[in-house]
Amino acid sequence: MTQAFDIIIVGAGMVGAALATGLGQQGIKVCLIDKATPADFDPHASPDIRVSALSAGSERYLQSLGAWHAILAMRATPYRRLAVWDDTPHPLSKLLPGSLTEVEFSATDLGASHLGHIVENSITQNALWQTVKREPDVALMTGQGINTLDQSADQATITLEDGTELSAQLIIGADGALSKVRSLAGIGVTRDQYEQQAMVMSIRYRGQPEDITWQGFYPSGPRAFLPLHSAGDPFPGETWGSLVWYDCPARLAQLKALSDDQLMAEIRTAFPARLPQLTHIDAKASFPIARQHAKQYVLNRVVLAGDAAHTINPLAGQGVNLGFQDAQCLQGLIKEARRSGDDLANPRWLAQYEHQRRPANRRMMLAMDLFYHLFSNQIPPVHLARNLGLGAARALPFARNRVARYAMGLDEQLPRPVQQILNRLPGLNRI
Ligand SMILES: Cc1cc2nc3c(=O)[nH]c(=O)nc-3n(C[C@H](O)[C@H](O)[C@H](O)COP(=O)(O)OP(=O)(O)OC[C@H]3O[C@@H](n4cnc5c(N)ncnc54)[C@H](O)[C@@H]3O)c2cc1C
């Protein structure tokens, strides 16, 4: 027998679970499916190696869903300062004052209490599963993925791996970068693999929790530090943190093959002196990075959100923040469709989703590409241009802070002149 719902969401990661909560709170009958189940939170366990810098905008959204206090009750580290600098040695660097090559953003300058929080992905997902489970209109089905997806004039049908058949007016694919919903619906992607990969490491260091996250740009790619919580009683005087080392795949493979002591020595040489004194490497993993964009977000009764719709270079940590913006937008439009008595897959509403989210996501992808190419380029004029850019960012605090407020989710829109510049960049229509 087919079980009928208003909406089926495939993928209960951070984005899918947020959407299910929000839609459930609107009284929409949702079935949320995930092939996996997140582990329960263990306060004594080492941190999840996957962490995200959640913006103030994401924090507001998670608050509205009732998940934020659960995140804070588990673990979240606020950061109040963010530093970015260029550390690529070049003859022209000598001609420029050192102060030109570094910019620091602070919550105080932006009129905010903090810039964001670093949160382990499993904690955000865990908190959202708690909110999902409180919604009587949301059915959570775990342990299996989907096999088939069919669309007809008045409904869409999904078959699970065990043969269970489910139907709904709308199917939301929130099943990540390799989305099966997207491929079953026949939606293609444009994809560019970057030459760099990211190696993420969970580390402990001697000292107190920091309130700064920083990223230096080196010839082979950025190196970043993200602050985490105190390591507590088992490791007195120590704190957890996360390091990200971007480099070519061959170099990262070499680093991953080293013993922890050898890797620690490499980190000490490669990272800047401001890195606190490391005591332990707990875990390491490397990720290929790619810019990927679905050719359309909506096809008949299927709609994509989060990484299923777009993946972005993580160098400014915007991936899940964009996914939460998709979720919020979609949730609002579905509410309007329901209020108007429309079919929830009515193109009148879904076209607005594509219209609002695609250009916004594309702008952020393009901005990240611009950073990537600008900072991995050693041609003298480009080197000079980016240092002048950093210098201008120092010299023009108003403009700099407006852009930063947008990136941190404090403001909803980029300043108009910046939007216009990004809209005019060549390649915008290609992605
Ligand atoms: C190195 C690195 C650093 C990053 N840092 C940041 C950062 O600082 N800030 C930030 O905002 N973003 C960051 N990101 C990006 C961020 O991790 C992703 O954007 C985010 O995880 C996407 O969430 P999602 O819910 O869309 O997808 P996912 O997290 O991929 O969740 C998809 C869910 O779908 C389920 N699923 C998959 N296939 C199926 C199926 N066939 N059937 C049923 N269920 C299925 C999975 O089990 C999973 O639960 C980073 C990414 C990388 C690689």
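Refer to the preceding data block for the structure.
Residues numbered from 1 in each chain as written. Predicted model: local features only at pLDDT ≥ 70, side-chain atom pairs only at ≥ 80, totals over all residues. Heavy atoms only, no water.

At a minimum axis distance of 10 Å, the contact between helix α2 (residues 56-65) and helix α8 (residues 319-339) shows a crossing angle of 50°. Relative to α8, α2 is oriented oblique. As α2 packs across α8, the resulting crossing turns out to be left-handed. Across the interface between the two elements, Ser58, Tyr61, Leu62 and Leu65 of α2 pack against Asn321, Phe324, Ala327, Gln328 and Gln331 of α8. Here the contact of α2 with α8 is composed, by residue class, of five nonpolar, four polar and no charged. (Axes fitted to C-alpha atoms, helices over the stretch in contact; angles between N-to-C directions. Helix = DSSP H or I, 4+ residues; strand = E, 2+ residues; numbered from the N terminus. Parallel < 35°, antiparallel > 145°, perpendicular 65-115°, else oblique. Left-handed = near helix turned anticlockwise from the far one by under 90°. Contact = heavy atoms within 4.5 Å. Nonpolar A, V, L, I, M, F, W, Y, C, P; charged D, E, K, R; others polar.)

The terminal C-alpha atoms of α8 lie 31 Å apart, and with 21 residues this matches the ideal 30 Å at 1.5 Å per residue to within 8%. Glycine 341 occupies a position one or two residues after α8 and carries a positive phi of about 75°. (Expected span 1.5 Å × (residues − 1).)

Our next topic: the site of the ligand. Not every one of the 29 residues close to the ligand is listed here, only the nearest: Asp34, Ala53, Asp307, Gly317 and Val320. Here an oxygen atom of the ligand sits 3.3 Å away from a polar atom, N or O, in the main chain of methionine 14. The backbone of alanine 53 places a nitrogen or oxygen atom 3.0 Å from an oxygen atom of the ligand. Computed on the free molecule, the ligand has an accessible area of 1000 Å², of which 81% lies beneath the protein chains in the complex. The set of elements that each furnish at least two residues to the shell around the ligand consists of α1 (14-25), β4 (51-55), α4 (121-134) and α8. Looking at side-chain class alone, the shell around the ligand contains twelve nonpolar, twelve polar and five charged residues. (Near = heavy atom within 4 Å. Polar contact = N/O pair within 3.5 Å; in protein donor to acceptor, adjacent residues only side chain to side chain. Areas by Shrake-Rupley, 256 points an atom, 1.4 Å probe, with all protein chains shown as cover.)

To continue, consider unusual backbone geometry. At asparagine 300, a residue that is not glycine, the phi angle is positive and equals roughly 55°. Checked against the element boundaries, asparagine 300 lands in the loop between β19 (298-299) and β20 (302-304). Here asparagine 300 falls in the exposed class, since its relative accessible area comes to 54%. (Buried < 20%, exposed > 50% of the residue type's maximum accessible area, 1.4 Å probe, protein only.)

Turning next to the pattern of salt bridges. Tallied over the full model, the rule gives 14 salt bridges. Between arginine 291 and aspartate 192 there is a salt bridge, with the nearest N and O atoms lying 3.1 Å from each other. In this pair, arginine 291 sits in strand β18 (residues 277-294) while aspartate 192 sits in strand β14 (residues 189-206), placing the two residues 99 residues apart along the sequence. The exposure class of aspartate 192 is partly exposed, given its relative accessible area of 32%. (Salt bridge = Lys/Arg side-chain N within 4 Å of Asp/Glu carboxyl O.)

What follows concerns the packing of aromatic side chains. Throughout the structure, instances matching the rule amount to seven aromatic pairs. Ring centres of tryptophan 214 and phenylalanine 225 lie 5.4 Å apart, and the angle between their planes is 25°; on these two criteria the pair is classed as stacked. Here the residue tryptophan 214 occupies a position in strand β15 (residues 212-218), and phenylalanine 225 occupies one in strand β16 (residues 221-230), the gap between them amounting to eleven residues. Each residue in the set Trp85, Tyr205, Trp214, Phe225, Trp245 and Phe271 is aromatic and connected to the rest through ring pairs, giving one cluster. Sitting over the face of the ring of phenylalanine 5, lysine 29 holds its NZ or CZ atom 5.3 Å from the ring centroid. Above the plane of the ring of tryptophan 85 lies arginine 274, whose end atom (NZ or CZ) is 4.1 Å from the centre. (Phe/Tyr/Trp six-rings, centres within 6.5 Å; stacked < 30°, edge-to-face > 60°. Lys NZ or Arg CZ within 6 Å of the ring centre and 35° of its normal.)

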